[in-house]
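Residue-level listing of the chains:
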Amino acid sequence: MESSVLTRPFAPPSSTVLRRPLSIRSLPSLSPLHLAPNSLPTLRSRSLPHFPSPKPHLRLPPICASSPSSPPPKPTPVPLSGAKPLPLAISIAIGLAVRFLVPRPAEVSLQAWQLLSIFLSTIAGLVLGPLPVGAWAFLGLTASIVTRTLSFSAAFGAFTNEVIWLIVISFFFARGFVKTGLGDRIATYFVKWMGSSTLGLSYGLTVSEALIAPAMPSTTARGGGVFLPIIKSLSLSAGSRPGDPSARKVGSYLVMSQLQSAGNSSALFLTAAAQNLLCLKLAEGLGVVIGNPWVSWFKIASLPAIISLLATPYILYKIFPPETKDTPDAPAMATKKLEQMGPVTKNEWTMLGTMLLSVALWVFGDAFGIASVVAAMLGLSILLLLGVLEWDDCLSEKSAWDTLAWFAVLVGMAGQLTNLGIVPWMSNCVAKVLQSFSLSWPAAFCVLQASYFLIHYLFASQTGHVGALFSAFLAMHLAAGVPGVLAALALAYNTNLFGALTHYSSGQAAVYYGAGYIELPDVFKYGFVIALINALIWGVVGTFWWKFLGLY
């Protein structure tokens, strides 16, 4: 390489030299002491132009490849730290406006009205995002203490809530699935068994996510950590590339099908999504208590959720068809991947056995007096004792601790709002409005459920939606005479189903859209179409199923 550079003729010193990718600092390499032996004859045989040696005290700037007339490079802007000014101002303004500008009803105490203003400001911040969710929730909690709206013990009382710690431990279980590779192995097996056609491939991925869902309480984690990498690998092997017309061969359909099916997987199990547990806790604050929650949730959701899960891939196959119908190479790829994985490891067996034990205790624990959170604690203890998870794994699971922070704040504030009389006052107001329209409770149920669902076009977070509107809408249902368990669970199931409405409506929607296989108009179009189909299935099948179960 050195000899080829040295044999290149040099240009005379002029402005054109400045355009050559050379620098004065590189000239000492011309010394014979730094040349390979076979390059010395070449150096002697070519006449080099004379460059006067710079004086020892003279320091020349390096010669750049750019023209001397080109402007200096712009400095990289330093990102601003701290809160975003506009969302911060709007969030605070909402709370101040409620506190000082909106007349306080005579039935509501000053303390309750002040807490409502802080709560609304906190919710606005969760939606607008002046700070990360956990940080903003902590600021709201601090405001409630500084203003002496809540005592320290009352403000932090929700951090001992059992449901919150069940969610945190479930995040640790999810990390175990990813760390051991068990989730990836389960999905790959279904690709091997059902992946000879594109439709079968989609069903394999859908069924495998439904099986993994109760142990991974985050649709975002399942999508980004397990299923999207598999879909990308299968699509690329079939010549389907993101951001390219070839995306419609396989990738677009698989991504769209997985996105639209994920909501039903989350609605099927109580522990399949963090917002499910938040819904039940907020419902308890309004007096709606569901006995044996894990079993009750699954039993009530099972028939409509399973039918929707089975219908979604086929419906999309007809209205959003892939160009490639057969994928004969997919099972072979899955087989090869399983061979590379090797036999099931000890940690995978341990993870599987622990999850089966935990699920069994969630199902039958009430008969033995074992609460759901205690079953989760036993499972986590086994994983730590056997080395499947290290404590550092738990400490580094930021999403778990972040959820603990904002979840506890929301639950605590919502509970105090009920204790201080805000929620009963709202319920009475809604009852009077509904009575003025003379709506029967089934009609009110349909109107309120549809409104709760469609309002999600204004939200970028499922949990933010729950924190902002769940308690209020449940209070409206109760005021209209809707049976409490039916109202609470229908709202909770809806919270999962609207996660695929848009590309911003949930974490998993952002993950799947970001893969580059689906176009934005398609996300909105088919998100709305599948939402209507889900509403039809859940409305018709659910009506008869819930009547059979005695919910109304």
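Look up: the structure comes first, before these words.
Everything numeric in this text was worked out from a predicted model, so none of it was measured. (Residues numbered from 1 in each chain as written. Predicted model: local features only at pLDDT ≥ 70, side-chain atom pairs only at ≥ 80, totals over all residues. Heavy atoms only, no water.)

Enquirer: Even after reading the chapter, I still don't get the overall build of the protein, so can you show me in this structure?
Expert: On a plain count of helices and strands, the protein comes out with 24 helices and zero strands. The buried share of the protein, taken over its 552 residues, is 46%. Carbon and sulfur atoms form 68% of the exposed surface of the protein, whose accessible area is close to 26300 Å². (Helix = DSSP H or I, 4+ residues; strand = E, 2+ residues; numbered from the N terminus. Buried < 20%, exposed > 50% of the residue type's maximum accessible area, 1.4 Å probe, protein only. Areas by Shrake-Rupley, 256 points an atom, 1.4 Å probe, with all protein chains shown as cover.)

Enquirer: What is the right way to read the side chain of S302 from this model?
Expert: Structurally, the position occupied by S302 is in helix 13 (residues 293-319). Within the structure, the side chain of S302 is placed 2.9 Å from the backbone oxygen of K299, a separation counted as a polar contact. Among all residues touching S302, those that are not within four sequence positions of it are L268 and W545. (Polar contact = N/O pair within 3.5 Å; in protein donor to acceptor, adjacent residues only side chain to side chain. Contact = heavy atoms within 4.5 Å.)

Enquirer: For this particular structure, what's the right way to read the pattern of salt bridges?
Expert: Side chains that differ in charge, positive against negative, can pair when their charged atoms come close. The full count for this structure, using the stated rule, is eight salt bridges. The shortest N-O distance in the salt bridge between E348 and R185 comes to 2.6 Å. Taken together, the positions of E348 in helix 15 (residues 346-368) and R185 in helix 8 (residues 182-194) put the pair 163 residues apart, joining distant regions of the chain. Residue class for E348 comes out buried when judged on its relative accessible area of 2%. On the basis of relative accessibility, which here comes to 5%, the residue R185 falls in the buried class. By sharing partners, the salt bridges in this structure join R175, K179, D393 and E397 into a single network. (Salt bridge = Lys/Arg side-chain N within 4 Å of Asp/Glu carboxyl O.)

Enquirer: How should I be thinking about the packing of helix 10 (residues 219-237) against helix 14 (residues 329-341) in this particular structure?
Expert: Two numbers describe how helix 10 lies on helix 14: the axes approach to 11 Å, and their chain directions differ by 125°. Classed by the angle they form, the pair helix 10 and helix 14 counts as oblique. Every pair of crossing elements has a handedness; the one defined by helix 10 and helix 14 is right-handed. Mapping the contact onto sequence places I230, S233, L234 and S237 in helix 10 and A330, M333 and K337 in helix 14. Of the residues belonging to the contact of helix 10 with helix 14, the class tally is four nonpolar, two polar and one charged. (Axes fitted to C-alpha atoms, helices over the stretch in contact; angles between N-to-C directions. Parallel < 35°, antiparallel > 145°, perpendicular 65-115°, else oblique. Left-handed = near helix turned anticlockwise from the far one by under 90°. Nonpolar A, V, L, I, M, F, W, Y, C, P; charged D, E, K, R; others polar.)

Enquirer: Please clarify how helix 23 (residues 507-514) should be interpreted in this entry.
Expert: Since the α-helix advances by 3.6 residues per turn, residues separated by three or four positions end up pointing in the same direction. Considered for burial, the residues of helix 23 that qualify are Q508, A509 and Y512. Around the axis of helix 23, the buried residues are gathered within 100° of arc, so they sit on the same side. The inward-facing, buried residues of helix 23 contact helix 10, helix 11 (251-268) and helix 21 (462-479). Downstream of helix 23 by one or two residues, G516 has phi in the positive range, about 90°. (Arc of directions from axis to C-beta.)

Enquirer: I'm lost on the nonpolar core in this one. Help?
Expert: What tends to happen in soluble globular proteins is that the nonpolar side chains get buried as a cluster. Of all hydrophobic cores here, the largest spans 143 residues; its most connected members are F173, F470, L474 and Y493. Look past the residues within four positions of F470 in its chain and what remains in contact with it is C279, L282, A283, Y452, H465, A488, L491 and A492. (Core = buried A, V, L, I, M, F, W, Y, C linked by side-chain atoms within 4.5 Å.)

Enquirer: Would you mind going over the packing of aromatic side chains with me for this structure?
Expert: By convention here, two paired aromatic rings are described through the distance between centres and the angle between planes. Counting across every chain of the model gives 19 aromatic pairs. Ring geometry for F172 against W401: centres 5.7 Å apart, planes inclined by 55°, an arrangement best described as tilted. In this pair, F172 sits in helix 7 (residues 162-180) while W401 sits in helix 18 (residues 398-419), placing the two residues 229 residues apart along the sequence. Here the aromatic rings of F269 and W294 are separated by 5.9 Å at their centres, their planes lie at 35°, and the arrangement is tilted. Taken together, the residues F269 in the loop between helix 11 and helix 12 (274-285) and W294 in helix 13 connect sequence positions 25 residues apart. Here F269 matches W294 in class, with each residue buried. Put simply, the rings of Y452, F453, F473 and F498 pair up and form one aromatic cluster. Note that R99 overlies the ring of F100, its terminal NZ or CZ placed 4.7 Å from the centroid. (Phe/Tyr/Trp six-rings, centres within 6.5 Å; stacked < 30°, edge-to-face > 60°. Lys NZ or Arg CZ within 6 Å of the ring centre and 35° of its normal.)

Enquirer: What exactly am I supposed to notice about unusual backbone geometry here?
Expert: One can expect most non-glycine residues to show negative phi and most peptide bonds to be in trans. In this structure, R148 is a non-glycine residue whose phi angle is positive, near 60°. Within the element layout of this structure, R148 appears in the loop between helix 5 (133-146) and helix 6 (152-155). The class for R148 is exposed, based on a relative accessible area of 78%.

Enquirer: Quick question: what am I supposed to make of the environment of S117 here?
Expert: Here S117 shows up in helix 4 (residues 110-128). S117 sits in the buried class, given a relative accessible area of 5%. For the pair S117 and A93, spaced 24 residues apart in the sequence, the C-alpha separation amounts to 9.9 Å.

Shape is all these values report; function is a separate question.
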